[in-house]
Amino acid sequence: MYKTRNMLGHIYMVAFLLFLLLPLVVMSGAAFNDSKLPTVVPWKGFTDRWFIDLWNETRVWTAFRNTIFVALGVVALSVPIGTAGAILINSISGRWRATLYGLMVAPILIPGVVIGISTLLFWNNLSVGSGLHLSVLGQVSYIASFVMLLVLARLQSFDQGLEEAALDLGASHAQVMRRILLPHLYPAIGAGAAIAFFQSIENFNVTLFTRGGADTLTVYVFSKVRSGITPTINALALILILVTLVAAAIYEINRRRNARIEAAREADARRAEEAML
Amino acid sequence: MGEVLKRYGAGLTTAIILLTVFWLLILLILPNLTMFESSFRPYLPVAEVGGPKDVYSFGNYMNIFGGEVPMSIFGIEVLVSARVKIFILTIFYAIVVTVIAFIMAYPLAYYLAKVVSPKSLPTLFLLLFVPLWVSEVLRSFAWYVIMTLKGPLNGILMQIGLIEKEIRWIDGYSPVVVTLVYAYVLFMLFPLYNAMQSLDSNQIEAAEDLGSPWWRTHLRVILPHAKPGIASGAVMVFMLSAGSLLVPAIIGSTTGNWFTQTIQGVMLEEQNWNGGAAFAFLLLIVCTLIVVLAMWLFRVKLSDIAR
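Residues numbered from 1 in each chain as written. Chains lettered and ligands numbered in written order. Predicted model: local features only at pLDDT ≥ 70, side-chain atom pairs only at ≥ 80, totals over all residues. Heavy atoms only, no water.

### Section: the side chain of asparagine 274 of chain B
All names here are of chain B. Here asparagine 274 lies in helix H13 (residues 273-297). According to the relative accessible area criterion, asparagine 274 is buried, its value standing at 18%. Setting aside residues no more than four positions away along its own chain, asparagine 274 makes contact with Ser38, Ser39, Arg41, Pro42, Tyr43 and Asn60. (Helix = DSSP H or I, 4+ residues; strand = E, 2+ residues; numbered from the N terminus. Buried < 20%, exposed > 50% of the residue type's maximum accessible area, 1.4 Å probe, protein only. Contact = heavy atoms within 4.5 Å.)

This is the structure we're talking about:
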């Protein structure tokens with residue numbers, strides 16, 4: 001009874017993973033097919049010409065540069081904003097906290113179209129024209145929420161007594177922030193920066209309405225898909241997937257190493273405590 | 001508040017407050033208020049803005065009407081405007097996506113939370129996260145590659161003899177629904193998993209020992225416990241699907257238009273920003289109302305979701 005049920009579970013898990021991953025494999029495979037259309041059947045032979053075409057396309061390079069600039073801008077703004085929001089909300093309680101929390105989480109749910117249009121109209125009223133700077137501001141408005149949630153979760157495990165001890169021992173306010181609170185928050189801030197970076201690269205809805213005439217990679221891919229597709233898009237897709245996979249792997253390895261170090265430290269502390277008794 | 005001041009001093013506290021105010025006021029509240037205000041103003045040439053013709057009206061919202069087309073709602077034929085029809089279908093299919101995502105994610109969430117050995121969990125999660133790291137535009141494009149007329153889906157089906165002629169898959173709303181489910185099912189899976197993981201396995205065993213068949217255990221023990229997870233997953237998937245522009249734009253055909261595409265057309269092709277603002281606000285308010293209604297129906301509180 002249990003065995004068949006577990007077996008079904010394993011099968012379903014594998015099927016689900018195939019459903020998630022096969023489309024990406026098919027798409028990547030089409031990057032190597034020597035056919036004018038992006039497809040894997042019929043297979044017309046292996047080629048690397050789509051990668052060469054991609055390399056020679058100047059629009060991709062501009063779009064790539066823009067994407068990185070926007071992402072860096074989003075990280076630079078959303079990390080301090082999200083962290084400040086988390087510290088603030090962690091220190092208040094009652095009805096205000098619920099209202100503020102609701103406001104800070106809401107942008108995650110607001111459709112990107114709405115964020116894009118409202119950002120465009122607001123800054124346009126202030127005579128700030130559209131362009132990638134507005135894309136940055138629009139994206140920050142919801143990406144800061146992710147940073148806030150991550151930092152807030154980390155704050156739950158923070159011992160505020162440490163700050164009080166530091167203050168009692170004569171530390172300045174800036175020292176309390178820099179030497180005690182921020183070091184505790186660094187893992188969450190790092191994760192927040194990584195998520196902000198990738199969310200920004202992914203973003204389409206906000207960027208589409210605020211970008212003016214500038215390209216980012218997602219907008220470029222989108223316009224390419226709408227107007228005559230060639231497998232250069234698949235080549236670009238494969239490269240992007242590989243880059244994100246490597247980044248994800250580095251992030252994961254780093255996370256596991258940190259978790260191990262922290263576990264070891266805790267074990268040390270426990271041993272020391274036991275030795276004292 | 002006083003806590004912050006005591007710990008970090010006046011300078012840092014001001015910085016913290018200013019950053020938060022900048023975020024909530026300048027990036028969030030004021031733009032949305034501007035959009036709301038603009039949505040009531042007519043679309044005028046630049047020279048006439050602020051002139052006598054620039055008065056508030058519901059004109060932009062009325063634009064959704066006009067150009068009647070037939071539509072069948074639960075088998076009843078009615079005449080509605082083309083834009084209203086697209087709006088209704090967008091909401092309807094976003095709900096369909098949410099339901100399918102739930103049906104697909106539920107067994108897997110249970111499996112991950114209660115069946116699989118905890119040792120293999122990190123690896124499984126890493127694999128599950130891969131598509132999340134890949135851009136949405138590429139994930140939609142992947143399905144485009146699969147479902148094109150000469151694509152692998154038709155190729156395989158013809159190879160094994162299930163169909164004789166290529167089927168035009170990219171037609172109507174089904175390819176959009178499939179791709180949206182693919183894009184957002186993980187946003188259902190993770191909250192469900194979190195909710196189920198916090199359920200004490202002894203409760204399941206107790207139900208089984210007392211003779212409850214597996215389906216009743218799920219219905220009476222696991223489902224009620226997972227309700228907050230279901231709610232947050234459903235809200236997320238519904239809002240993402242209804243607000244998606246990429247997926248329908250890439251994989252939709254002329255017979256499968258999404259309301260976001262209507263907004264995009266008004267904004268970027270007609271360059272009627274106030275009209276676009278009205279439609280965007282309409283989308284936001286209707287989606288929010290549906291979420292509130294669903295939460296009231298299933299008796300979930302916002303605080304359950306935002307845990």
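### Regarding the confidence of the model for chain B
With 98% of its residues at a pLDDT of at least 70, chain B reaches an overall mean of 86. Across the assembled chains, the prediction reports ipTM 0.86 with pTM 0.88. (pLDDT = per-residue confidence, 0-100.)

### Quick look at the interface of chain A and chain B
Across the boundary between the two partners, chain A contributes 86 residues, which contact 85 residues of chain B. Summing the contributions of chain A and of chain B, the shared interface buries around 7,900 Å²; its carbon and sulfur component is 79%. There are two salt bridges connecting chain A and chain B. When the shortest N-O distance is used, the salt bridge between arginine 7 of chain B and glutamate 164 of chain A registers 2.8 Å. Run the count over chain A and chain B and you get 12 residue pairs in polar contact (both at pLDDT 80 or more). When residues of the side of chain A that touches chain B are assigned to their parent elements, the largest contribution, 16 residues, is made by helix H1 (residues 2-29) of chain A. Here the side of chain A that touches chain B is built from residues that sort into 61 nonpolar, 18 polar and seven charged. (Buried area = accessible area lost by both parts, 1.4 Å probe. Salt bridge = Lys/Arg side-chain N within 4 Å of Asp/Glu carboxyl O. Polar contact = N/O pair within 3.5 Å; in protein donor to acceptor, adjacent residues only side chain to side chain. Nonpolar A, V, L, I, M, F, W, Y, C, P; charged D, E, K, R; others polar.)

### Side note on the packing of aromatic side chains
This model, assessed by the stated rule, comprises 29 aromatic pairs over all chains. Ring centres 6.4 Å apart and planes at 65° place the aromatic pair phenylalanine 16 of chain A and phenylalanine 19 of chain A in the edge-to-face group. Here the residue phenylalanine 16 of chain A and the residue phenylalanine 19 of chain A both occupy positions in helix H1, the gap between them amounting to three residues, near one helical turn. Seen from their ring centres, phenylalanine 204 of chain A and phenylalanine 222 of chain A are 4.7 Å apart, and the 55° between their planes marks the pair as tilted. Taken together, the positions of phenylalanine 204 of chain A in the loop between helix H8 (173-202) and helix H9 (205-210) and phenylalanine 222 of chain A in helix H10 (residues 217-226) put the pair 18 residues apart, joining distant regions of the chain. Since its relative accessible area comes to 3%, phenylalanine 204 of chain A is described here as buried. Since its relative accessible area comes to 7%, phenylalanine 222 of chain A is described here as buried. Aromatic rings pair up to connect Tyr12, Phe16 and Phe19 of chain A together with Trp143 and Tyr182 of chain B into one cluster. (Phe/Tyr/Trp six-rings, centres within 6.5 Å; stacked < 30°, edge-to-face > 60°.)

### Some remarks on the nonpolar core
Side chains of a nonpolar character, in soluble globular proteins, are inclined to be buried together. Of all hydrophobic cores here, the largest spans 177 residues; its most connected members are Ile117 of chain A together with Leu112 and Leu128 of chain B. In terms of residues, this core owes the most to one element, helix H3 (residues 82-115) of chain B, which gives 17 residues. Not counting the four nearest positions on each side in its chain, leucine 112 of chain B is found in contact with Met13 of chain A together with Leu121, Leu124, Phe125, Leu128, Leu189 and Tyr193 of chain B. (Core = buried A, V, L, I, M, F, W, Y, C linked by side-chain atoms within 4.5 Å.)

### A look at unusual backbone geometry
With a phi close to 60°, serine 127 of chain A is a non-glycine residue in the positive phi region. Here serine 127 of chain A is to be found in the loop between helix H5 (112-125) and helix H6 (132-155). The exposure class of serine 127 of chain A is exposed, given its relative accessible area of 67%. A positive phi angle, near 60°, is found at glutamine 271 of chain B, a position not held by glycine.

### Details of the environment of methionine 147 of chain B
All names here are of chain B. With respect to the element layout, methionine 147 can be found in helix H5 (residues 136-147). When the C-alpha atoms of methionine 147 and isoleucine 167 are compared, they prove to be 9.1 Å apart, with 20 residues separating the residues in sequence. The residues contacting methionine 147, other than those within four sequence positions of it, are Leu153, Trp169, Ile170, Pro175, Thr179 and Ile251.

### Describing the packing of helix H7 (residues 174-197) of chain B against helix H10 (residues 227-242) of chain B
Residues and elements named next belong to chain B. Closest axis-to-axis distance for the H7/H10 pair is 7 Å, and the angle between their directions is 160°. In terms of axis orientation, H7 runs roughly antiparallel to H10. The element H7 and its partner H10 pack so that their crossing is right-handed. Together, Leu180, Tyr184, Phe187, Met188, Pro191, Leu192 and Ala195 of H7 and Gly229, Ile230, Ser232, Gly233, Ala234, Met236, Val237, Leu240 and Ser241 of H10 make up the contact between the two elements. Grouping the amino acids of the contact of H7 with H10 by side-chain chemistry returns 12 nonpolar, four polar and no charged. (Axes fitted to C-alpha atoms, helices over the stretch in contact; angles between N-to-C directions. Parallel < 35°, antiparallel > 145°, perpendicular 65-115°, else oblique. Left-handed = near helix turned anticlockwise from the far one by under 90°.)

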